[in-house]
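This is what each chain is made of:
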Amino acid sequence: MIPQGSDQFKRAKLIVGKTVRETSALRLTYKTPMRLLIHFLLLFSLFNIPLRTNAQDLLVSRAQMIEGLTILEQELVTRHPNLYVYSTSEQVDNYLENLKRKLPENISRLEAFSLVASLANIVKDGHTYIYPSEAIVEDTTLLLPLAVEKVADQLLVINDLSGQNEIPVGSIILAINQTPIGEIKQKMLNSLPRDGDNMAYPNHIFYKYFSAFYSFFYGSQTTFEVRYEAPDGQQKLKILKGIRNAELQERLQLNSPKSSGIFLKIYPKNQNSTWN
């Protein structure tokens, strides 16, 4: 455990009565269903990684990762009241040991987040959230400028927020930066909170906050190569420039329907529609 007088321990913050012990790699948060929030400590601050631009590319050694994962395991076993509801202690232990065995000699902080976030796949507790640290979030300044929705299990473009109007509404995203959308979805869903094997909430996060969570797992990009199927059925490729989150939100508000009631969206291809 970290000594209470150490510099690492002093990084802890008190925020609105909630203890948040922040690290330079990521945060693990456990929400009790009806009581206070309990924030678990991920000891990647032990890695002593400097916070600077391109933090997502900084490397962590295998020894440092193993040290952090070992202490994380101790924290989970000691504090998490629902750790063994959906998985046995043996399954959780084996999962963590497999993570350690598969570690390369060095790993980026972005990869470290993705690896530790995959614990959601074994803990399966809907009140346990794993977030990137503020360092990574701040570094992830440029996002994919598209608003999307789920239609028939496909990622449908409902707004091109790039300012270029390159991708028509109703287009289906097939791949981003040469990674098939199915592979992107599987990677992200495996690392998002859920209750047991119910995937409703991970799917909601995937579609609702796609641009933000894509950046958590794949990093900040100055440009995005998007392969898509246009409403006329043709496959096309466009390069979109990444935009800052504040600008994305502003454009999203300007392009959103100004109605608080129910409205129907109809997209060109195959009469796709969604109610909101």
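Placed above this text is the structure.
In this convention, every chain numbers its residues from 1, walking through the sequence in written order. Reporting in this predicted model follows two pLDDT cut-offs: at least 70 for local features of residues, and 80 or more for side-chain atom pairs to be given and counted; totals over whole chains, interfaces and linings ignore these cut-offs and use all residues. Note that water and hydrogens are dropped before the side-chain values are worked out from all heavy atoms of the structure.

Asks: Could you clarify how one ought to interpret the overall build of the protein chain in this entry?
Replies: A run of H or I in DSSP counts as a helix once it spans at least four residues, and a run of E counts as a strand once it spans at least two, with each numbered from the N terminus. The helix and strand inventory of the protein chain stands at 10 helices and 15 strands. By definition, residues are in contact when any of their heavy atoms lie within 4.5 Å. Taking the intrachain contacts of the protein chain between residues at least 6 apart in sequence as the baseline, contacts between residues at least 24 apart amount to 63%. We get accessible surface area from the Shrake-Rupley algorithm with a probe of 1.4 Å; when it comes to residues, only the shown protein chains can shield them. Entry remark: accessible area of the protein chain is about 14300 Å², with carbon and sulfur atoms responsible for 50%.

Asks: Sorry, what's going on with the side chain of Thr-128 here?
Replies: With respect to the helices, strands and loops of the structure, Thr-128 is situated in strand β7 (residues 128–132). The cut-offs for exposure are 20% and 50% of the maximum accessible area for each residue type, with area from a 1.4 Å probe on protein chains only; residues under the lower value are buried, those over the upper are exposed, and the others partly exposed. Exposure remark for Thr-128: the relative accessible area of 9% places this residue in the buried category. Side-chain polar atoms of Thr-128 contact the side chain of His-80, separated by 2.7 Å. Here Asp-125 takes part through its side chain, which lies 3.0 Å from a polar atom of the side chain of Thr-128. The definition of a polar contact used here is a pair of N or O atoms within 3.5 Å, where within protein one atom must be able to donate a hydrogen and the other to accept one, and adjacent residues in sequence count solely through side-chain atom pairs.

Asks: Whenever I open this one, the nonpolar core confuses me. Can you help?
Replies: Side chains of nonpolar character tend, in soluble globular proteins, to be buried together. Grouped together as the largest cluster of nonpolar side chains are 47 residues, with contacts concentrated most on Met-65, Leu-119, Ile-173, Ile-176 and Phe-210. With six residues, the top contributor of residues to this core is helix α9 (residues 210–218). Setting aside residues no more than four positions away along its own chain, Ile-176 makes contact with Leu-144, Ile-181, Ile-184, Phe-210, Tyr-214, Phe-224 and Glu-225. Here, the term nonpolar core denotes a set of buried Ala, Val, Leu, Ile, Met, Phe, Trp, Tyr and Cys residues that are joined through side-chain atoms within 4.5 Å. Counting residues in each nonpolar core, the second largest holds six residues, with Ala-147, Leu-161, Ile-243 and Leu-248 among its members.

Asks: Hey, could you run me through the side chain of Ser-114 in this one?
Replies: When you line up the elements, Ser-114 lands in helix α4 (residues 109–117). Ignoring any residue separated from it by four or fewer positions in sequence, one finds Ser-114 in contact with Lys-187, Ser-191 and Phe-217.

Asks: Whenever I open this one, the pairing of strand β13 (residues 235–241) confuses me. Can you help?
Replies: For a regular strand, the rule is simple: side chains alternate between the two faces of the sheet. The rule for pairing is simple: two strands pair if DSSP sees at least two bridges between them. With seven bridges connecting them, strand β12 (residues 223–229) and β13 associate as antiparallel partners. Bridging from a neighbouring strand, Arg-227 pairs with Leu-237 of β13. The hairpin turn running from β12 into β13, its antiparallel successor, is five residues long, and Gly-233 in that turn takes a positive phi close to 95°.

Asks: Looking at this model, I keep getting lost on the pattern of salt bridges. Mind explaining?
Replies: Where charged atoms from two side chains of opposite charge approach closely, those side chains can pair. The salt bridge definition used is simple: a Lys or Arg side-chain nitrogen within 4 Å of an Asp or Glu carboxyl oxygen. Under the counting rule described, the total for this entry stands at seven salt bridges. For Asp-197, the salt bridge identified is with Lys-124, shortest N-O distance 2.9 Å. With a gap of 73 residues between them, Asp-197 in the loop between α7 (181–189) and α8 (200–208) and Lys-124 in the loop between α5 (120–123) and β7 connect regions that are remote in the sequence. We classify Asp-197 as exposed; its relative accessible area is 64%. Among the ionic pairs, Glu-166 bridges to Lys-238, the shortest N-O distance being 3.4 Å. Remark: Lys-238 occurs in strand β13 and Glu-166 occurs in the loop between β9 (154–160) and β10 (172–176); sequence separation between them is 72 residues. Its relative accessible area of 29% is what places Glu-166 among the partly exposed residues. Each of Glu-73, Glu-97 and Lys-100 takes part in salt bridges that share partners, so that together they form one network.

Asks: Would you take a moment to explain the pairing of β10 for this structure?
Replies: Extensive coverage of β10 is indicated by the burial of five of its five residues. Of the strand pairs in this sheet, β10 and strand β11 (residues 179–180) are connected by two bridges, and their pairing is antiparallel. From the neighbouring strand, Ala-175 faces β11, where its bridge partner is Pro-180.

Asks: In this structure, what is going on with α9? I would like to understand it.
Replies: Since the α-helix turns once every 3.6 residues, residues separated by three or four places project in the same direction. With eight of nine residues buried, α9 is to be regarded as a mostly interior element. Those residues of α9 lying buried are Phe-210, Ser-211, Phe-213, Tyr-214, Ser-215, Phe-216, Phe-217 and Tyr-218. Note on α9: the residue one or two positions beyond its end, Gly-219, has a positive phi of about 90°.

Any functional reading would require information that these geometric values do not contain.
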